[in-house]
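Residue-level structural notes
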Amino acid sequence: MNEAVLTLALIVALFALLGSGVWIGLTLAGVAWIGMELFSSRPAGDAMAITIWGASSSWTLTALPLFIWMGEILFRTKLSESMFKGLAPWVNPLPGRLLHTNVVGCTIFAAVSGSSAATCATVGKMSIPELTQRNYPPDKIIGSLGGASTLGLLIPPSIIMIVYGVAAEVSIAKLFMAGVLPGLLLGALFSGYLMVWALLNPDQVPRAEAATSLGRKLWESRHLLPVILLIGGVIGSIYSGVATATEAAAVGVVGALILSASQGSLNWRTFRDSLLGATRLYCMIALILAGAAFLTLSMGFIGLPRQLAEFVTGLGLSTGVLILAIALFYILLGCFLDGISMIVLTMGVILPTIGGAGIDLIWFGIFVVIVVEMAQITPPVGFNLFVLQGMTGREITYIAKVTAPYFALMALALLLLWWFPGIATWLPSRM
């Protein structure tokens, strides 16, 4: 059968199943079964059983439920309230004042949570009431929170990096380290934008609160100490080589339980709710990963990834044009799918092309994560837009409009990453 017709048939089957409301993981497995049963000689049932078991029993993947559980525990603590108390005295003198608590708070929480939605919800429940009460412009409150919360995907530990690392068979520990500097760069760009806006619109920024002495600032910073120790325990153990990503995840869970207990928010109900929340989320992700693994195997037997890689190579595209095309493809795909689905659905096809072009897979992982971050604030299926809509009651179109400047800043970060690849590759090379 002609490869173009075969590809079209599988795409039609994929969207037909998705449109009918079938779960994404089952849809991927169903399309894989159709492709293998109809267009290859390998028995589909046997291949499905072996592949799904192999995808589900990966030791590397064990880090995923642990990091999800850590984020769920911290989501139920008084962490957001403590962060605001610790950060407010330091950012108050800056142009833009307390708006920076969104950016810095998201950067800090991203370092103990692998999810942008959890980062958005945790920091938002602290900052939205506080900043609204102080008469900061609603568009800047919502925009800075929506943009900065995407850092949950980039600053380690990151759920989506674990998914990419498993799919691309690269070191998750090195991926985590590769995300640190790009994450800090994005945070600096977001804060820089708020400073420029504040300097151009001084009348829209509430007056500074009373000046705080250095001693008082240091005293208030005690609220940040527990979370900084937790970040140091997780990231430090990976970077120093003391622990693998999976072992660091276990360290993070224990640290989160200790932090929760020290704040008085650990009881049977919060423990149970965090465990059930993590289980539900991981089961959803695991089903998607299992379906995607079977789809990748099916496409391999049919030969589609190799044919597509040969086709793209035959076009003679330069590396820059190829990367631009992939970025546009993911941004478009992000209008309809969540980030994890985008990664697992496309890696089987994209990776042979990337490998053929000689692109570093660690660098490409960070590139993909930033593009997926951009998709988190693109309608109609931007997850962070949904979280913000639930918290503020605003229309999706309004939230998308006020987060648009941060979308542009992420595009700028991609250019910087292209021009200076060492931003992503330097730290992993020093491990």
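Just so we're clear, the structure is a prediction, and the values are computed from it rather than from any experiment. (Residues numbered from 1 in each chain as written. Predicted model: local features only at pLDDT ≥ 70, side-chain atom pairs only at ≥ 80, totals over all residues. Heavy atoms only, no water.)

Considerations on the overall build of the protein chain
Looking only at helices and strands, the protein chain features 21 helices and zero strands. Relative to a compact globule of 431 residues, whose C-alpha radius of gyration would be 22 Å, the protein chain shows 22 Å and is just as compact. Seen through its principal axes, the protein chain has C-alpha atoms that stretch 75 × 50 × 45 Å. Sorting the 431 residues of the protein chain into buried and exposed places 53% on the buried side. Expressed as a percentage of contacts within the protein chain between residues at least 6 apart in sequence, the contacts between residues at least 24 apart total 79%. In the form shown here, the protein chain has an accessible surface area of approximately 18,300 Å², with 69% of it arising from carbon and sulfur atoms. If the 20 positive side-chain charges of the protein chain are averaged to one point and the 18 negative ones to another, these points end up 13 Å apart. (Helix = DSSP H or I, 4+ residues; strand = E, 2+ residues; numbered from the N terminus. Rg over C-alpha atoms; globule rule 2.2 N^0.38 Å. Buried < 20%, exposed > 50% of the residue type's maximum accessible area, 1.4 Å probe, protein only. Contact = heavy atoms within 4.5 Å. Areas by Shrake-Rupley, 256 points an atom, 1.4 Å probe, with all protein chains shown as cover. Lys, Arg positive; Asp, Glu negative; His and termini not counted. Charge placed at Lys NZ, Arg CZ, Asp CG, Glu CD.)

Section: a nonpolar patch on the surface
Side chains of L412, L415, W418, W419 and F420 sit close together on the surface and give an oily, nonpolar patch of about 520 Å² of accessible area. Looking at W419, the relative accessible area reads 53%, which means it is exposed. (Patch = residues over 30% accessible without salt bridge, like charges linked within 9 Å, V, L, I, M, F, W, Y side chains within 5 Å. Salt bridge = Lys/Arg side-chain N within 4 Å of Asp/Glu carboxyl O.)

Examining the packing of helix α4 (residues 63–75) against helix α9 (residues 159–168)
Where α4 contacts α9, the two axes come as close as 10 Å, and the packing angle between them is 175°. With respect to each other, α4 and α9 are oriented roughly antiparallel. For the pair formed by α4 and α9, the contact residues are A63, L64, F67 and I68 on the first element and I159, I162 and V163 on the second. For the contact of α4 with α9, the class distribution of residues is seven nonpolar, no polar and no charged. (Axes fitted to C-alpha atoms, helices over the stretch in contact; angles between N-to-C directions. Parallel < 35°, antiparallel > 145°, perpendicular 65-115°, else oblique. Nonpolar A, V, L, I, M, F, W, Y, C, P; charged D, E, K, R; others polar.)

With respect to the pattern of salt bridges
If you walk through the whole model with that rule in mind, you get four salt bridges. In this structure, K140 engages D139 in a salt bridge whose closest nitrogen and oxygen atoms are separated by 3.3 Å. Owing to a relative accessible area of 27%, D139 belongs among the partly exposed residues under this scheme. Between R272 and D273 there is a salt bridge, with the nearest N and O atoms lying 3.4 Å from each other.

Focus on unusual backbone geometry
The omega torsion across P156 and P157 is 0°, close enough to zero to call that bond cis. The topology assignment puts P157 in the loop between α8 (138–148) and α9. With a phi close to 45°, R97 is a non-glycine residue in the positive phi region. Examined against the element boundaries, R97 turns out to sit in the loop between α5 (79–91) and α6 (100–110). Although it is not a glycine, N135 adopts a positive phi angle of roughly 70°. Counting through the fold element by element, N135 comes out in the loop between α7 (116–133) and α8. By relative accessible area, N135 is classed as exposed at 63%.

Quick look at helix α12 (residues 225–239)
A rise of 1.5 Å per residue sets the reference length of α12, with its 15 residues, at 21 Å; its end C-alpha atoms lie 20 Å apart and thus fit the reference within 8%. G241, located one to two residues past α12, shows a positive phi value of around 85°. (Expected span 1.5 Å × (residues − 1).)

Some details on helix α14 (residues 268–302)
An ideal rise of 1.5 Å per residue puts 51 Å on 35 residues; α14 measures up with 51 Å between its terminal C-alpha atoms. Two or three places before R269, at the opening of α14, N267 has a side-chain oxygen 3.1 Å from that residue's backbone nitrogen. The positive-phi residue at the C-terminal boundary of α14 is G303, with phi of around 95°. (Polar contact = N/O pair within 3.5 Å; in protein donor to acceptor, adjacent residues only side chain to side chain.)

Quick look at the nonpolar core
In terms of nonpolar packing, the biggest core is built from 141 residues, with L64, L74, Y164, F176, F190, F364 and F367 touching the most fellow members. The dominant element in this core, judged by the number of residues it contributes, is helix α10 (residues 172–200), at 13 residues. (Core = buried A, V, L, I, M, F, W, Y, C linked by side-chain atoms within 4.5 Å.)

Examining the environment of L87
Along the polypeptide, L87 turns up in helix α5. Separated by 137 residues in the primary sequence, L87 and L224 have C-alpha atoms spaced 8.0 Å apart.

Describing the packing of aromatic side chains
Evaluated as defined, the whole model comprises nine aromatic pairs. Each ring, one from W69 and one from F271, has its centre 5.8 Å from the other, and the planes form 70°; the classification is edge-to-face. Pair noted here: W69 is in helix α4 and F271 is in helix α14, with a separation of 202 residues, a long-range link. Under the relative-accessibility criterion, W69 is labelled buried at 16%. (Phe/Tyr/Trp six-rings, centres within 6.5 Å; stacked < 30°, edge-to-face > 60°.)

So, the side chain of S127
Residue position: S127 is located in helix α7. Here the side chain of S127 touches N102 through a polar contact of 2.6 Å, side chain to side chain.

Here's the deal with the environment of I235
Examined against the element boundaries, I235 turns out to sit in helix α12. Under the relative-accessibility criterion, I235 is labelled buried at 18%. Residues I235 and P156, 79 residues apart in the sequence, show an inter-C-alpha distance of 7.4 Å. Beyond its immediate chain neighbours, meaning those up to four positions away, I235 contacts A111, P156 and M177.

A closer look at the side chain of S260
As for its position among the elements, S260 is in helix α13 (residues 245–262). Among residues more than four places away in sequence, those in contact with S260 are I73, T77, S265 and L266.

Focus: the environment of I340
Among the structural elements, I340 can be located in helix α17 (residues 339–356). Measuring from C-alpha to C-alpha, the distance between I340 and I159 comes to 8.5 Å, with 181 residues separating the pair along the chain. Beyond its immediate chain neighbours, meaning those up to four positions away, I340 contacts I159, I160, V163, I285 and I288.

Some thoughts on the packing of α10 against helix α18 (residues 361–375)
Put simply, α10 and α18 touch, their axes get as near as 9 Å, and they point 50° apart. Regarding the angle of α10 to α18, the classification is oblique. At the point where α10 passes α18, the crossing takes the right-handed sense. Here K174, L175, A178, G179, P182 and L186 of α10 lie close against α18, whose contacting residues are I362, G365, I366 and E373. (Left-handed = near helix turned anticlockwise from the far one by under 90°.)

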